[in-house]
Amino acid sequence: MNNASEKDPINITESSGPFREIFRQNKSVMLLVNPVTGQILDANQAAHNFYGYKNLLSENIININQHPNEKVFDLMETAITKNKNHFIFKHKLVTGEIRDVEVYSTPLIYQNRKLLLSIVHDITKRRKAEKYTTFLTRSTLKLATLKTPEEVYKFTTSQLYKLFDKKSVVAVTEYDTPNNRWYMMDITGLSPFIEKTFKNFGIDIRNLEGEIQTGFMGDIVTGQMARFDFDLHKFTNGKIDQNTSNELKKALPYNSILVVPFKKDEVIFGTVTIALNEDENEFNRHFVEAFISQISVFLEKIFVEKELVKSENYYRALIENSTDIVSILDENGIIRYKSPSHSTILGYKQDELLGVNALEKIHPDDKLRVQQLFSHILLEKEKTGRFEYRFHHKNGSWKHMEGTVKNLLDNPAVKGIVLNSHDVTHQKAYEEMLVSQEQNLKIRNQIANAFIVSGKEENFRKILEVFLQAFQSNFGFFCHTNNSGNMVCKSYINNRKEVNSHHEQHKIKIETLNNFWSESLRKKQTLTQNTEFEIPGKRIRLKNSISGIILHQNETLGQIVLGNKNGDYTDKDIRLMEELCHYISPLLKAALNEFQYKTDLLAAKEKAEESERLKSAFLANMSHEIRTPMNGIIGFIDILNDPDTRDDDRETYFDLVKKSGNRLLTTINDIIEISKIEAGQAQLNFSREKVDEIMNEHFSFFKPGAAANGITLKLQLPESALPAIETDRNKLDSILTNLINNALKFTKEGTIEFGCQLSGNKLNFFVKDTGVGISADRIEAIFNRFEQAEMGINRGHEGTGLGLSISKAYAAMLGGDLWVESQKGEGSTFYFNIDYIAAENSDKKTDKKPPSAKPKSQNEATILVAEDDEISFTLLEIMLSKENYKLIKADNGNEAVEMVRQNPDIDVVIMDVKMPEKDGLEATREIRQFNKKIPVIAQTAYALSGDKEKALEAGCNDYISKPLQKNDLLNMINRLLEKKLQ
């Protein structure tokens, strides 16, 4: 191909934002094709839906287009080089179905390559409609030449046989109503197998007959088209039994029978029967009815002719029984005779039009043409003319008529101009619909191309030009709403010339105009005015105008106003304007959002950079929070290993190691918990709790630490006891602990007060301190997941910065929220609330005991430790070494199950949850199948909310988390042994 020149397509590579949005959301099928290779480079969702492929980008257009490959490439070259952009093809869907399509191809330059943008429209139905219309037209011409019913019957079966692709059997029967008989008159499509099958049963199907009121024909006495299952038993009036009929149905390629009656005035005089090999198409059904109705008319004429051929009233009877309108006019056009069809077709009474000049009832736009034809007919005897015209109906509408006129003024039997007309209104409407659809498709393609290949400012002018051409108008403007919601006029054309809409003298403030334009905006509907008016201050007079509103989800996006059309704006114009405004809506929305897309992209970029900054700060903080306690643990362990360390210092160093370990454990728990929250895996585990007890426990726990730092801790509760509630104790404890810990961390002196009260359906909590407070610009940031009030390496407090994020998430899970009121240097008050869910009236039993001495009867207890980690097992051995317990070890879940099964002397099982081969919970479930009583303690390093409940559901008696506390473990073992011995 040649290099790009000025006449080549516009380069759109820099318009990917709106182009892609418009391309993807367009309801028309759109393909981007490489004309050199035929490869489909891009396709919108409408294309995927139409062709049925999961990924059209892996397909080549030559596999879809049914033309020979060489011709396809020639036509693509033609579209690129000769600027031909309209083609008719046959395309194959993924199902193998072939569709007729109309393709508009526009050349584009993308990445220095010439490509084709193809907009594809499915015209299969239209082509079928054209086929059927042609079929009916040709059938009418042929039927007019047939003279006998036998000729009509053969023509009927042969035409329908061809229409159904020679896959059906078509038969015609004739009724002898007085004798209640029907007779087979013609049949087409019989295979040798079918004919032989019937003969085997003694049936000559070509000469089949039967009674009208019984058997198969009895079901269509109503005179309507009927469809039946393919049942030879019924069709042969019982000559083939039902079982044989059922077996034959399996062998024959037909599943239904369609029967259409020939009738006149609700009297049936025959039928057409079609054996179908597939479900009838609804469009074919209506078409067949129309075709048979046409046949009925001609048969009726033939039958009438046969009956009246010997009658002196033959010609009059023929005319008066015709469905066409027959009129006889004198040389001045005065109606001297009219057939009865005038009444049925045009609504006039029998003698109402007699003496009326026919030209008075002709449409004004047709009158001159008809008058010229009439004058020409008068000049020659026996002269015939054919024409179309519109005649005034009694109800005020116009009927489209097709007429044949003949000069028989010199015929003594007639002495007039004979006009034979038939009603073509429906056919005309159908033709107009096809033309209208084609015009609408072209207009929509032009609009879509304007949005795709034009720049933002040029869009409005090109689209306005499309509207001006479509509505044959000389004046127009195209406005849209801006970010402030005001209407902005981007393109303004008068007398087919563009006017700079930004110039002050041409600004049209629609909102201030007191005319139908502003009314159209207010009502959000298309309006017209076909009387002359002037635009205030513009010195422009319009003889008519139409205003269309572009809406998107009931939001006004824009307005298109046109004017100065030759002729009035009609209801048809209103419908077209509404259709085009509806079509343009998503395209205009995408174009108007272009700036917003860029703004959002910039905001997203800044947000991503901020997120990256916060994550970097978080990682630095995590590194500090992990390495600092690890430094204390490892460093002091090294010192403790030094033989020169004094004994009185060792206890201090051990406390510091434990403190560092607890700090590291808190950091790890925070990281795990925030991860569960972000992943949506955090769950609620409700239990019955007494709020007063929870608050008092926290007060008792934190009071010593607060007093040691010179801080007064206060608890504020209502005078009457708070009711018991259903809540997640762990999450409520976590929120209170985080908030009180933060208050202690940031308060050097003064008071910390916390409390709770019930208000409606919420429990309201607060934690108030007299600490350092929070700057106003950091109040929102402290709830972010990677931020603290102070950020950076110079912050004065330890912590991950996740506590408030976790607490806020927990409050939301419990049906409430968490917020803060604070001033720098004056302290802070944190508030949170949760849903109040009243608990049932039964006291919660708690049995919290301090570590107790082990009864002597338990000295020889045997404990099975299921633990795959050697260090953890060694730690348990040391913890329990002074208790004289006998310990046995299992390395995995399977070993634990077998040891319990084979050692009935085992008193307690300490079961690690995470083990190879079979985990601890699965092993416990298996043990419970044969031993319901042995105490099982679950131990785990997971230690997350909900883990305890999972362990208890699996059959464990209790649960303890790592790192293990010796006193807690001993107390748990002793309690379970005491319970076992009871």
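Rules and cut-offs
- Residues numbered from 1 in each chain as written.
- Predicted model: local features only at pLDDT ≥ 70, side-chain atom pairs only at ≥ 80, totals over all residues.
- Heavy atoms only, no water.
- Helix = DSSP H or I, 4+ residues; strand = E, 2+ residues; numbered from the N terminus.
- Polar contact = N/O pair within 3.5 Å; in protein donor to acceptor, adjacent residues only side chain to side chain.
- Patch = residues over 30% accessible without salt bridge, like charges linked within 9 Å, V, L, I, M, F, W, Y side chains within 5 Å.
- Areas by Shrake-Rupley, 256 points an atom, 1.4 Å probe, with all protein chains shown as cover.
- Salt bridge = Lys/Arg side-chain N within 4 Å of Asp/Glu carboxyl O.
- Buried < 20%, exposed > 50% of the residue type's maximum accessible area, 1.4 Å probe, protein only.
- Pairing = 2+ DSSP bridges.
- Phe/Tyr/Trp six-rings, centres within 6.5 Å; stacked < 30°, edge-to-face > 60°.
- Axes fitted to C-alpha atoms, helices over the stretch in contact; angles between N-to-C directions.
- pLDDT = per-residue confidence, 0-100.
- Contact = heavy atoms within 4.5 Å.
- Parallel < 35°, antiparallel > 145°, perpendicular 65-115°, else oblique.
- Left-handed = near helix turned anticlockwise from the far one by under 90°.
- Nonpolar A, V, L, I, M, F, W, Y, C, P; charged D, E, K, R; others polar.
- Arc of directions from axis to C-beta.

## Some thoughts on the side chain of Glu689
- Turning to its location among the elements, Glu689 is positioned in strand S25 (residues 687-690).
- Side chain to side chain, Glu689 and Ser687 meet in a polar contact 2.6 Å long.

## Overview of a nonpolar patch on the surface
- On the surface, Ile626, Met630 and Ile634 cluster together to form a nonpolar patch covering roughly 220 Å² of accessible area.
- Accessibility expressed as a relative area gives 46% for Ile634, which makes it partly exposed.

## Thoughts on the pairing of strand S5 (residues 113-122)
- Of all 10 residues in S5, 8 are buried, a share of seventy percent or more.
- Where strand S1 (residues 29-33) meets S5, 5 bridges bridge the pair, whose relative direction is antiparallel. Among the inter-strand pairings, Val29 is bridged to a residue of S5, identified as Val120.
- Pairing of strand S4 (residues 98-110) with S5 involves 10 bridges; the strand directions are antiparallel. Across the sheet, residue Ile109 finds its bridge partner in S5, namely Lys114.

## Section: unusual backbone geometry
- At Gln472, a position not held by glycine, the phi torsion is positive, near 55°.
- Assignment of secondary structure puts Gln472 in the loop between helix H15 (456-470) and strand S17 (475-481).
- Overall, Gln472 belongs to the exposed group, its relative accessible area being 54%.
- Even without glycine at this site, Asn884 takes up a positive phi of about 60°.
- If you trace the backbone, Asn884 turns up in the loop between helix H23 (870-880) and strand S33 (886-890).

## Considerations on the pattern of salt bridges
- For the structure on display, the rule yields 30 salt bridges.
- Arg729 is paired through a salt bridge with Glu697; the nearest N and O atoms lie 2.5 Å apart. Pair noted here: Arg729 is in helix H21 (residues 729-746) and Glu697 is in helix H20 (residues 691-708), with a separation of 32 residues, a long-range link.
- Here the salt bridges do not stand alone but share partners, grouping Glu689, Glu697, Arg729 and Asp733 into one network.

## Here's the deal with the packing of aromatic side chains
- Applying the stated rule across the entire model yields 11 aromatic pairs.
- Plain terms: the ring middles of Phe467 and Phe471 are 6.2 Å apart, the flat faces sit at 5° to each other, and that makes the pair stacked. Grouping residues by exposure puts Phe467 and Phe471 together as buried.
- The interplanar angle of 80° and the centroid separation of 5.1 Å between the aromatic rings of Phe477 and Trp517 together place this pair among those described as edge-to-face. Taken as a pair, Phe477 in strand S17 and Trp517 in helix H16 (residues 516-523) lie far apart in primary sequence, 40 residues in all. With respect to class, Phe477 is no different from Trp517; both count as buried.

## Comments concerning the environment of Ile634
- Among the secondary structure elements, Ile634 is positioned in helix H18 (residues 594-640).
- Put simply, Ile634 and Val657 are 23 residues apart on the chain and 8.2 Å apart in space, counted from C-alpha to C-alpha.

## Structural notes on the sheet that holds strand S7 (residues 181-188)
- Ordered by their spatial adjacency, 6 strands build an open sheet running S8-S7-S6-S11-S10-S9, and the pairing between neighbours is antiparallel. A strand with exactly one partner marks an edge of an open sheet, and here the two such strands are strand S8 (209-211) and strand S9 (226-229). On average, adjacent strands in this sheet sit at an angle of 25° to one another, irrespective of strand direction.
- Note: strand S6 (residues 169-176) against strand S11 (residues 267-276), 6 bridges, orientation antiparallel.

## With respect to the confidence of the model for the chain
- Chain-level pLDDT for the chain is 80 on average; 84% of the residues reach the 70-or-more range.
- Counting interchain partners and residues more than four positions distant, the pLDDT-below-50 stretch residues 500-508 has 18 contacts.
- This stretch, residues 842-857, has a pLDDT under 50; its non-local contacts, to residues over four places away or in other chains, come to 22 contacts.

## Some points on the packing of helix H24 (residues 893-902) against helix H25 (residues 920-928)
- Two numbers describe how H24 lies on H25: the axes approach to 9 Å, and their chain directions differ by 25°. One way to sum up the angle between H24 and H25 is to call them roughly parallel. Crossing of H24 over H25 shows right-handed handedness. Across from Gly893, Ala896, Val897, Val900 and Arg901 in H24, the residues of H25 making contact are Ala923, Glu926 and Ile927.
- Residues of the contact of H24 with H25, tallied by class, amount to 5 nonpolar, 1 polar and 2 charged.

## Let's talk about the side chain of Asp733
- Note on placement: Asp733 falls in helix H21.
- A residue is classified by how much of its surface remains accessible, and Asp733, at 16% relative accessible area, is buried.
- Contact partners of Asp733, with chain neighbours within four places excluded, come to Ile694 and His698.

## Considering the sheet that holds strand S3 (residues 86-92)
- Strand order in the open sheet made by the 5 strands is S2-S1-S5-S4-S3, with antiparallel pairing throughout. Two strands close off the open sheet at either side, each with one partner strand: strand S2 (40-43) and S3. Averaged over neighbouring strand pairs, the angle between their axes works out to 35° when direction is ignored.
- Here S1 runs beside S2; their pairing, made up of 3 bridges, is antiparallel. Following the sheet pairing, Leu31 is matched in S2 by Ala43.
- Contacting S1, S3, S4 and S5, helix H4 (residues 69-81) runs over the sheet at an angle of about 110° to S5.
- In the packing of helix H5 (residues 124-143) onto the sheet, contacts are made with S3, S4 and S5, and the angle to S4 comes to roughly 135°.

## Side note on helix H7 (residues 192-200)
- Regarding H7, the residues found buried are Ile194, Glu195, Thr197 and Phe198. Down the axis of H7, the buried set is contained in an arc of 155°. They therefore lie on one face. Away from the buried face of H7 by more than 90 degrees, exposed residues Pro192, Lys196, Lys199 and Asn200 are located.
- Contact partners of the buried residues in H7: S6, helix H8 (232-235) and helix H9 (242-251).
- Looking one or two residues beyond H7, the residue adopting positive phi is Gly202, at roughly 75°.

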